[in-house]
Amino acid sequence: MPAAGSEGEEGLAGEQPGPGTPKLCGYLQKLSGKGPLRGFRSRWFVFDPRRCYLYYFKGPQEPVPLGHLDIASACFSYHQPEAGAGDEPAAFEVHSPGGAVTVLKAATRQDMTYWLQELQQRRWEYCNNLDVAKRDSRTSPTPSDFSKGLVAKDNSDFSILSQNASAERARNILAVETSPTDLVGEQAASQPAPVQASAINFSLKQWSTEIKNSMSSLRKGSNENRRSIFYTTEEWELLDPTPKDLEDSMALEEKRKHLAEGSKEWCSGNGSRLVSELQLKYQSQQEELEKLKKDLLSQKELVRLLQQTVRSSQYDKYFASHLCEGVPKDTLELLHQKDDQILGLNNQLEKLNLEKDSLQQEVKNLKCKVGELNERLGMLMETIQAKDEVIMKLSRQLSECEDGTSSQSGAINSPTSTCTSKELQELDRLKDNLQGYKTQNKFLNKEILELSTLRRNAEAREREWQAKYTSLEAKLCQIESKYLILLQEMKTPVCSEDQSPAREVITQLLEDALKAEPSEQPEQAFFKPHLVSEYDIYGFQTIPEDDDEEKLVAKSRALDLRSLSLSENREISTGVKWENYLASTMNREMMRCVELKNLIRSGIPHEHRSKIWKWCVNLHVKKFKDSAVPGYFQILLQKALEKPNPASKQIELDLLRTLPNNKHYSSPTSEGIQKLRNVLLAFSWRNPDIGYCQGLNRLVAIALLYLEQEDAFWCLVTIVEVFMPCDYYTKTLLGSQVDQRVFKDLLSEKLPRLHAHFEQYKVDYTLITFNWFLVVFVDSVVSDILFKIWDSFLYEGPKVIFRFALALFKYKEEEILKLQDSMSIFKYLRYFTRTILDARKLTAIAFGDLNPFPLRQIRNRRAYHLEKVRLELTELEAIREDFLRERETCVEKRDLISDDEEDS
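Residues numbered from 1 in each chain as written. Predicted model: local features only at pLDDT ≥ 70, side-chain atom pairs only at ≥ 80, totals over all residues. Heavy atoms only, no water.

Draft legend 1. Representation of the overall build of the protein within the structure. Within the protein, the secondary structure is distributed over 28 helices and 7 strands. Counting all 904 residues of the protein, 37% fall into the buried class. Partitioning the intrachain contacts of the protein with sequence separation of at least 6 by distance along the chain shows that 71% fall at a separation of at least 24. Per element, the accessible surface of the protein, about 53500 Å² overall, is 55% carbon and sulfur. (Helix = DSSP H or I, 4+ residues; strand = E, 2+ residues; numbered from the N terminus. Buried < 20%, exposed > 50% of the residue type's maximum accessible area, 1.4 Å probe, protein only. Contact = heavy atoms within 4.5 Å. Areas by Shrake-Rupley, 256 points an atom, 1.4 Å probe, with all protein chains shown as cover.)

Now the structure itself:
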């Protein structure tokens, strides 16, 4: 698949990390546990740039993290290992706020250096680009998670602090160049986890999370191990332990012994008193264990005898009830004798099995003894070999001593050479230590430099917040004083209404509420005016330039939106849910599920919308993209630019009429205009049957706000070729007409009072709703609601349009029912959707109050109305042909021409 977007489309300037930055992940060993269970355990670590968290999982495929480390507020250190330990595991420490220290161990010193450098760099980038305009929490987005569309070009919600050039130069000087090994990076997920440093390294605090991660693999085979055993007269199953159970119990006993020995060693440094107490406790537990074993054996023997008794009684009962009739006594006696023989043989078989088990145990013990003897024999052989070498060495020295001169020179030179080699080895060791300490010193200096810079930045942010707090507190006192004056005047008026100061106070309060906070003030330098600004975050104009009445309405709408945002405190919880869900997808791709559908219905946060929209589009057009050639969009675009098609002229005429109230499409030089042109031209070549239809330009314009050109092209393919029925965007708009009739049926079913009201006054509301369906509510609702509708629409499909169209009418049903003439009703329907501001209430109506809402019902009604509309169009075509024939034969009607002929 080709890279998304074309040249010059990188998204947000200064985005960190960039598109080419590799994902920081890999295997590390984490020190966990307490007491004798404390040890290193291999974990899969993944860095999340959105929250600057380092998540750790049980393995690369686990969906739920065991925990995380907050890198944004952490510092790092490590101890210099001895020279010659370059290939040994290297440990480093992550110090978190509150004194918590996490010890991690990399496979090699090279991996340790790489992890430390990368974590430092990611912390530096995150803290320098920290959002100071939004709430102070780690759930706030970072620039690395901004959208890639047009809204990313002018995102002013975030204040990027200016970086100190000298500090940046010093960081570059102190940086240590290193590269990761195979245990770091996404390719490490396909490799097995490294060998753990300790055999006993369980973490008791993480057992619940690990069990949760393992439940999915255990559920599949759990039913096979829970089969019940039924005993019949023909098949019996004794309860004696099998040889495998005996081996497992012996292995468990050996583990307990080793654990006891380890605990004794661990406690050896704590004094003889603690050791003696543990020994007594261990001996008492051993005695209790032996007692329980004896009880268990006696109970098993008792059960075995009872089984034999029951079996014999079952046989007697069987023969007495079924076989005694008409059977001679000799035969019965013979059967009883055979039964006794069988019981005796079974007893003998059990004794032989016990003897066999004892012999197997004896053979195992003998094998252990043979192994010990072989080890002793090997040690003796090594000792003999060493003695032989010593004898040969002494023999050579003796032969050298016989020659006087040679022996003297050998006696002098040998110690000298030995001494020289030792000094060289010591010198190399000291050099390695010196290099290691230099590297450690550079890292610690860089760490001190970064922490100092980040501390100064944090202090600056704190001063800004303090100034902001002081300014807001002063403003609050002023507003409180004005409200007190107003309340006092309302309670005890002292003059007439015209001369009352209450009118002046109310006017002043409204002006203060509508006034945007001046950004030129020093204390407001890092904060965006949030009440009434010229454009919203999507680029739509909030206040008209000419109409004073519309200005007042827009300001009133802005105040209502502000009031809703202040009265609802659930945005933070929604953001946390999204962050938790995205954290669970660190090791896996997103998949369709109920949790994701509910999250999308509640609204995708602005910072995640680009990613989720792109995923939804790819989900629906995967089959098209897989069958397309590489660079398919660029090929279509190049073809459209070289050879214009008939749709090119109409596309050019509609470009500036697409979204004139959005700054990204307001002028010919706007960045969105060229992207819009490219996508529409490419689609006209892909689908020549449609080419271009009015309405497609608005769909693409909304998609381009959060997607790059190629993704917006596939978004249009999703809507036109996957979601909507055939002939939806053709010249006849056949599919659109069918949907309006389906919507009428649904309105009469879901809102019967409102439907009867429209029928009573003969109001054709489809003149309004037709555009809702054609462009998916673009320019029909406020922008916040529009994008929440598009969130669900791109995930669930066209059924969402019916849901929200009905929800809009239900939201204002009582107000519409109060209108008693067709003109006032139709006039109200033209603008009432712009007065709906509460997105949560509208969503609750669409996905709650209107249930059930089966897609099968919509499909059936579409098929039914499609046939009716086709019949009507056939009749109209027949009438048209009759008229043309009559016009040719009638002289009076020859001068009449139709609209289509006039256009042609």
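Draft legend 2. Fine view of the pairing of strand β7 (residues 101-106). By the criterion of burial, β7 is predominantly enclosed, with 5 of the 6 residues buried. The pairing of strand β1 (residues 25-32) with β7 spans 2 bridges and is classified as antiparallel. When the sheet's bridge partners are listed, K30 is paired in β7 with L104. The pairing of strand β6 (residues 90-95) with β7 spans 6 bridges and is classified as antiparallel. Residue pairing in the sheet places A90 in a bridge with A106 of β7. (Pairing = 2+ DSSP bridges.)

Draft legend 3. Representation of the nonpolar core. Membership of the largest hydrophobic core comes to 118 residues, with the highest contact counts inside it found for L696, Y729, F777 and F809. It is helix α23 (residues 799-811) that provides the largest number of residues to this core, a total of 10 residues. If you look at the next biggest cluster of nonpolar residues, it comprises 30 residues, including L24, Y56, L66 and W115. (Core = buried A, V, L, I, M, F, W, Y, C linked by side-chain atoms within 4.5 Å.)

Draft legend 4. Spotlight on the environment of Y795. Among the secondary structure elements, Y795 is positioned in helix α22 (residues 783-796). Using a relative accessible area of 4% as the deciding quantity, one classes Y795 as buried. For the pair formed by Y795 and R592, sequence separation is 203 residues and the distance between their alpha carbons is 9.1 Å. Residue contacts for Y795: discarding those within four places in its chain leaves R592, C593, L596, K597, I600, W615, C616 and H620.

Draft legend 5. Quick peek at the sheet that holds β6. Taken together, 7 strands build an open sheet; the order of strands is β4-β3-β2-β1-β7-β6-β5 and the sheet is antiparallel. Edge strands, defined here as strands with exactly one partner in the open sheet, are β4 (67-70) and β5 (75-78). Along the sheet, successive strands turn relative to each other by an average axial angle of 35 degrees, direction set aside. Where helix α1 (residues 109-128) meets the sheet, it contacts β1, β2 (39-48), β3 (53-57), β5, β6 and β7, and its direction lies at approximately 160 degrees from that of β5. (Axes fitted to C-alpha atoms, helices over the stretch in contact; angles between N-to-C directions.)

Draft legend 6. Representation of the pattern of salt bridges. Considering all chains together, one arrives at 23 salt bridges under this definition. The closest approach of N and O atoms between D791 and R609, which form a salt bridge, is 3.0 Å. Placement of D791 in helix α22 and of R609 in helix α12 (residues 609-620) is noted, with a sequence separation of 182 residues between them. R677 is paired through a salt bridge with E652; the nearest N and O atoms lie 2.7 Å apart. Taken as a pair, R677 in helix α16 (residues 671-686) and E652 in helix α15 (residues 647-654) lie far apart in primary sequence, 25 residues in all. Each of R123, E447 and E450 takes part in a single network of salt bridges with overlapping partners. (Salt bridge = Lys/Arg side-chain N within 4 Å of Asp/Glu carboxyl O.)

Draft legend 7. Layout of the packing of aromatic side chains. Tallied over the full model, the rule gives 33 aromatic pairs. Considering the side-chain rings of W772 and F832, the 6.3 Å spacing of their centres and the 50 degrees angle between planes classify their relative orientation as tilted. Residue W772 is located in helix α21 (residues 766-775), and its partner F832 is located in the loop between α25 (822-831) and α26 (839-849); the two are separated by 60 residues in the primary sequence. Residues W772 and F832 agree in their burial class; the two are buried. The structure contains a cluster of three or more aromatic residues connected by ring pairs, namely F743, F758, Y765, W772, F773, F777, F802, F809, Y828, Y831 and F832. In this arrangement the basic side chain of R686 is found over the ring face of F624, its NZ or CZ atom lying 5.3 Å from the centre. (Phe/Tyr/Trp six-rings, centres within 6.5 Å; stacked < 30°, edge-to-face > 60°. Lys NZ or Arg CZ within 6 Å of the ring centre and 35° of its normal.)

Draft legend 8. Layout of the packing of helix α19 (residues 734-750) against α21. Orientation of α19 relative to α21, taken along the N-to-C sense of each, is 120 degrees, at an axis distance of 10 Å. As summarised for this structure, α19 and α21 are arranged oblique, according to the angle between their axes. Note on packing geometry: the crossing formed by α19 with α21 is right-handed. Contacts between α19 and α21 involve S736, Q737, D739, Q740, F743 and K744 from the first element and T766, T769, F770, F773 and L774 from the second. (Parallel < 35°, antiparallel > 145°, perpendicular 65-115°, else oblique. Left-handed = near helix turned anticlockwise from the far one by under 90°.)

Draft legend 9. Structural detail: the packing of α12 against helix α18 (residues 709-723). Two numbers describe how α12 lies on α18: the axes approach to 9 Å, and their chain directions differ by 50 degrees. Viewed along their axes, α12 and α18 adopt a mutual orientation that is oblique. Helix-helix and strand crossings are classified by hand; for α12 and α18 the assignment is left-handed. When α12 is examined against α18, the residues K614, V617 and H620 are found in contact with a partner set consisting of D711, W714, C715, T718, V722 and F723. Considering only residue class, the contact of α12 with α18 consists of 5 nonpolar, 2 polar and 2 charged. (Nonpolar A, V, L, I, M, F, W, Y, C, P; charged D, E, K, R; others polar.)

Nothing here speaks to function; it is geometry throughout.
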